[in-house]
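Results of the structural survey
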Amino acid sequence: MKRNSKIWIFSEIYFPEETSTGYIMTEIAEELGKETEIEVVTGYPAYFSSNRTELSQRSRRNNVVITRFLRIKLNKNKLLQRSLRAILISLKFFFYGLRKVKKGDAVLLVTNPPTQLVLNSLLAHLKKAKLVVLVHDVFPDNLVAAGLMLPNSISYKLINTRIIKACNRAVRLIAIGRDMKEILQMKLGTSKKIDVIPNWAELERILPSPRNENSIIKKLNLTTKKVFLFAGNLGRVQGLEVLTKAIKELKDKEYFHFIFVGNGAKSNSIETLINSGVKNVSWLKEMPRNEQQVFLNACDIGIISLSKGMKGLGVPSKVYNILAAGKPVFCVVEEGSEIELIVKEHQVGWIDSSFDPTHIAN
């Protein structure tokens with residue numbers, strides 16, 4: 001980069017948001033900010049779970065300049081509200097970038113929301129800035145896996161064409177899994193500009209600790225149980241329907257207990273399971289990121305699950321912190337997925353690729 005150029009990071013969510021993307025983009029920006037000029041263009045905390053601290057439109061934190069737009073509160077679990085926010089914030093980013101980004105600058109985009117990727121890849125092209133795309137989710141294929149779009153629909157083909165065009169404008173694409181690189185290679189017809197850089201564990205914050213001294217284990221009186229933990233987004237592509245059916249089919253319900261930590265569009269799956277009379281399930285709802293050391297150690301085994309069809313479309317970042325807590329993982333994922341590769345290569349758990357509740361229960 002030239003001496004007077006800067007790096008622009010466009011991300012819908014950023015500090016103080018605690019979701020995985022918000023945390024990851026904050027860490028990346030602040031690390032880059034140690035060596036070069038960084039400006040993050042982001043939104044105000046908008047989701048119901050967010051920190052409500054009053055934030056100014058323009059601020060500086062840890063050598064990073066932060067510019068914020070769209071001070072409205074929406075429910076991330078309501079599809080229409082989420083889509084509206086994505087469109088509005090993408091337009092705000094685009095017109096701000098048209099005024100501020102200069103030739104020779106670098107632009108780092110994360111793929112969420114896809115409207116932001118499409119508009120700001122065009123922005124980078126118009127301003128002759130170097131574009132790098134961090135692929136957290138592969139659109140629109142993940143919408144198909146979530147049951148929100150048909151693969152042969154006009155909307156799928158239109159969005160897919162726009163996404164491919166946006167990615168082709170990048171000098172580098174960063175995939176967070178080896179399976180994701182394969183999908184991107186198929187879409188773009190090349191692997192030359194695709195790097196695999198996985199997400200990471202917070203090793204300085206997450207350490208193994210004795211489970212029988214854990215405050216959650218004690219509070220729920222689970223010291224004699226075999227405890228499984230699902231911690232993270234309870235979303236449309238987490239395979240919760242299969243998982244909850246498997247829990248209902250378990251024969252030895254007195255021995256096994258399941259803890260869910262999180263919230264999301266499919267929270268009702270857990271609520272329905274508990275209301276059906278299943279006694280060996282606890283739902284702690286959302287807990288702050290700074291309590292991970294406690295809740296990630298409140299189990300014997302962590303659960304990672306994704307819906308069928310999600311291979312290569314996303315990698316649950318929670319797997320790294322669960323492993324950092326010294327827990328093996330039980331994974332309901334497809335063969336050849338990044339999670340399966342990690343588990344088999346490092347022998348840190350079990351894989352079930354059947355997507356059959358009875359098989360999983362057994």
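Anything mentioned here points back to the structure above.
The structure contained in this document is the topic of the report that follows.

Rules and cut-offs
- Residues numbered from 1 in each chain as written.
- Predicted model: local features only at pLDDT ≥ 70, side-chain atom pairs only at ≥ 80, totals over all residues.
- Heavy atoms only, no water.
- Disulfide = S-S within 2.5 Å.
- Helix = DSSP H or I, 4+ residues; strand = E, 2+ residues; numbered from the N terminus.
- Buried < 20%, exposed > 50% of the residue type's maximum accessible area, 1.4 Å probe, protein only.
- Axes fitted to C-alpha atoms, helices over the stretch in contact; angles between N-to-C directions.
- Parallel < 35°, antiparallel > 145°, perpendicular 65-115°, else oblique.
- Left-handed = near helix turned anticlockwise from the far one by under 90°.
- Contact = heavy atoms within 4.5 Å.
- Nonpolar A, V, L, I, M, F, W, Y, C, P; charged D, E, K, R; others polar.

Overview of the state of the cysteines
One pass over the full model with this rule turns up 0 disulfides. Here C331 is not cross-linked by a disulfide; its sulfur's nearest cysteine counterpart is in C299, at 12 Å.

Concerning unusual backbone geometry
Going from F15 to P16, the amide bond is cis rather than trans, its omega being 10°. Within the element layout of this structure, P16 appears in the loop between β1 (7-10) and α1 (20-32). Looking along the chain, the bond that leaves F139 and enters P140 is cis, with omega of 0°. Within the chain, N63 stands out as a residue other than glycine whose phi angle is a positive 70°. The backbone of N221 shows a phi angle near 60°, a positive value even though the residue is not glycine. Counting through the fold element by element, N221 comes out in the loop between α7 (215-219) and β9 (226-231). Take N221: its relative accessible area is 61%, and that puts it in the exposed class.

Here's the deal with the packing of helix α3 (residues 114-127) against helix α5 (residues 154-168)
Relative orientation of the contacting elements α3 and α5 amounts to 50°, with a least axis distance of 9 Å. Put simply, α3 runs oblique to α5. The chirality of how α3 crosses α5 is left-handed. Residues P114, L117, V118 and S121 of α3 touch α5, and the partners they reach there are R162, I163 and A166. In the contact of α3 with α5, the residues fall into 5 nonpolar, 1 polar and 1 charged.

It is worth stressing that arrangement in space is one thing and function is another; only the former is reported here.
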